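The chain contents come next:
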Amino acid sequence: MKITKAVIPVAGLGTRFLPASKAIPKEMLTIVDRPTIQYIVEEVVASGIEEIILVTSEGKSAIENHFDYDFELETVLKAKGKDVLCEEISHISNLIDIVSVRQKKPLGLGHAIWTTRKVVGNQPFVVLLGDDLVLSDTPCTQQMIELYDDCQESIVAIQRVPLDQTSQYGIVEGERVREGVVRVERMFEKPKPGVTTSDLAIIGRYILQPEIFEILGGIQPGHGGEIQLTDALLTLAHRRPMYAYEFKGTRYDAGDKLGYLKAIIAFALRHPTLGKEFRKHIKEICVDL
Ligand code: UTP
């Protein structure tokens, strides 16, 4: 079945990014010249998805407004002859159909995804975390859809991480079925040292079969009182095949202060108009480090 819907959860509290995220959603913090969430929506659009379901919460309306049509702003820009800017603003509101679903309490990523069950319906869908950026030649979501077209089963995107960092991630173990693809056999949420020797960490891109909703609905709150997606993924992986895919590209955790800074540098270096000057500046200041 063709994948047409993407779920983007943005309802989290963003505590790692306080105080910046107190009044501004962390997904609206700027990477060079646009908010993090716009890169993610652009990845979805470039991957051929037709509809986005945003999982929002109180205080996140700036995200919905960013993708809305702003009649007043466009009228003023037109009147001032700022046609290029006006077109760019209008382009953002025309990117894709977006519907919003409210997560009334921040009960975890699993719960956020579960709230979209009626809007997604009985079809496979993509999930992209609203603070996870991937810089790649082919959009990460498109790479995953290409694999899905072959296997028609759930897929989690993975990257290799240093072994002393595995306790910060969901980690998968399994059998390698081809270059960059592992059939998932076991999964650990933030494992303590010694629990696994695998360095395959799940990042914020998933393709899920709709069965996940029924599984999520039956899951009891785990770590931190939250409904953990990893618990549901493991149950799903026991019922039918699930694959872990080592995507081509670099992932940045823009919901973390250091990850955010790294993302700014990486995206700025590749920026079409600012990149060259920025690279020159970085080289100059690096001499003094
Ligand atoms: P994170 O754990 O990175 O986000 O969740 P968080 O909870 O906002 O941040 P911290 O840890 O307090 O700093 C990954 C994604 O899942 C969403 C977040 O918005 C983020 O995009 N999320 C998380 C929800 O939508 N609802 C939740 O209950 C939890």
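Asks: Help me understand the environment of D97, please; the structure alone is not making it clear to me.
Replies: Tracing the sequence through the fold places D97 in strand 5 (residues 97-102). Residue classification places D97 among the exposed residues on the basis of a relative accessible area of 56%. Note: C-alpha distance between D97 and E43 (54 residues apart in sequence) is 14 Å. Sequence-distant contacts of D97, that is, excluding residues within four places in its chain, are made with E50, E51 and I52.

Asks: How should the layout of surface pockets be read in this particular structure?
Replies: Space left empty within the atom packing is revealed by a probe, the size of a water molecule, rolled over the atoms. In this model, the second largest pocket occupies a volume close to 360 Å³. In terms of lining, the second largest pocket is formed by 20 residues, of which the most central are Y39, E42, V134, L135 and F267. Looking at which element gives the most residues to the lining of the second largest pocket, the answer is helix 1 (residues 36-46), with five residues. Among the residues forming the lining of the second largest pocket, the class breakdown is 10 nonpolar, two polar and eight charged.

Asks: Got a minute to help me understand the packing of aromatic side chains in this structure?
Replies: How two aromatic rings sit relative to each other is given by the distance of their centres and the angle of their planes. Enumeration according to the criterion identifies five aromatic pairs in this entry. The interplanar angle of 65° and the centroid separation of 6.5 Å between the aromatic rings of Y69 and F71 together place this pair among those described as edge-to-face. For the pair formed by Y69 and F71, the shared burial category is exposed. Centroid distance F125 to F213: 5.0 Å. Interplanar angle 5°. Geometry classified as stacked. In this pair, F125 is assigned in strand 6 (residues 125-128) and F213 in helix 8 (residues 211-217), connecting sequence segments 88 residues apart. Residue F213 is classed as buried on the basis of its relative accessible area, which comes to 7%. By the ring-pair criterion, three or more aromatic residues cluster together here, those being Y39, Y252 and F267. One residue, R117, lies across the ring of W114, its end atom 3.7 Å from the ring centre.

Asks: Whenever I open this one, the site of the ligand confuses me. Can you help?
Replies: Surveying the vicinity of the ligand reveals 19 residues, the closest of which are G12, T15, R16, Q103 and G108. Measuring from an oxygen atom of the ligand, one finds a backbone N or O atom of G14 at 2.9 Å. Here an oxygen atom of the ligand and a backbone polar atom of R16 are 2.7 Å apart. Contact with the protein chains covers 85% of the free accessible surface of the ligand, which is 560 Å². Its residues assigned to classes, the shell around the ligand comprises nine nonpolar, six polar and four charged.

Asks: Looking at this model, I keep getting lost on the pattern of salt bridges. Mind explaining?
Replies: When their charged atoms lie close together, side chains carrying opposite charge are able to pair. A full pass over the atoms with the stated rule returns 22 salt bridges. Its salt-bridge partner being R251, residue D132 comes within 2.9 Å of it at the nearest N-O pair. Taken together, the positions of D132 in strand 7 (residues 132-135) and R251 in strand 13 (residues 250-253) put the pair 119 residues apart, joining distant regions of the chain. This pair shows no difference in class: D132 is buried, exactly as R251 is. In this structure, E211 engages R239 in a salt bridge whose closest nitrogen and oxygen atoms are separated by 3.5 Å.

Asks: Mind showing me how you'd approach the side chain of Q103 here?
Replies: Here Q103 is to be found in the loop between strand 5 and helix 5 (109-114). There is a polar contact of 3.3 Å between the side chain of Q103 and the backbone oxygen of G108. Here H111 takes part through its side chain, which lies 2.9 Å from a polar atom of the side chain of Q103. Those residues in contact with Q103 that sit more than four places away from it in its chain are A11, V55, T56, S57, G108, H111, A112 and T115.

Asks: Before we go on, may I ask you to explain the environment of K82 in this structure?
Replies: Turning to its location among the elements, K82 is positioned in the loop between helix 3 (71-79) and helix 4 (83-93). Sequence separation between K82 and V10 is 72 residues, and the spatial gap between their C-alpha atoms is 32 Å.

Definitions and limits used
Per-chain numbering applies: the sequence of each chain, read as written, is numbered from 1 onward. Restriction of local features to residues with pLDDT of at least 70 applies here, the model being predicted, together with a cutoff of 80 or more for giving and counting side-chain atom pairs; totals for whole chains, interfaces and linings are based on all residues. Hydrogens and waters are ignored; side-chain quantities use all the structure's heavy atoms. Counting from the N terminus, the helices are the DSSP runs of H or I reaching at least four residues and the strands are the DSSP runs of E reaching at least two. Using a 1.4 Å probe on the protein chains alone, a residue whose accessible area is under 20% of its type maximum counts as buried, one over 50% counts as exposed, and one in between counts as partly exposed. Working rule for contacts: check all heavy atoms of both residues, and any pair within 4.5 Å makes them a contact. Every definition here rests on a 1 Å grid over the protein atoms only: cavities are sets of points where a 1.4 Å probe fits but cannot get out, pockets are open sets enclosed by protein on both sides within 12 Å along at least five of seven lines, and lining residues have some atom within 4 Å of a point. Grid points are joined across faces, edges and corners, and a volume is the space filled by probe spheres set on the points. Residue polarity is assigned by list, with Asp, Glu, Lys and Arg as charged and Ala, Val, Leu, Ile, Met, Phe, Trp, Tyr, Cys and Pro as nonpolar; anything else, Gly included, falls into the polar class. Under the pairing criterion, centres of Phe, Tyr and Trp rings, with the six-membered ring standing for Trp, must be within 6.5 Å; the plane angle then separates stacked pairs below 30 degrees from edge-to-face pairs above 60, leaving the rest tilted. The rule is short: NZ of Lys or CZ of Arg within 6 Å of the ring centre and within 35 degrees of the ring normal puts a charge over the ring. The criterion for a residue being near a molecule or strand is simple. One of its heavy atoms has to lie within 4 Å of it. Side-chain atoms alone can form a polar contact between residues adjacent in sequence; in general such a contact is a pair of N or O atoms within 3.5 Å, and within protein one must be able to donate a hydrogen while the other accepts it. Note that accessible areas follow from Shrake-Rupley with a 1.4 Å probe, and for residues the cover is restricted to the protein chains shown. Between Lys or Arg on one side and Asp or Glu on the other, a salt bridge is scored when a side-chain nitrogen of the former is within 4 Å of a carboxyl oxygen of the latter.

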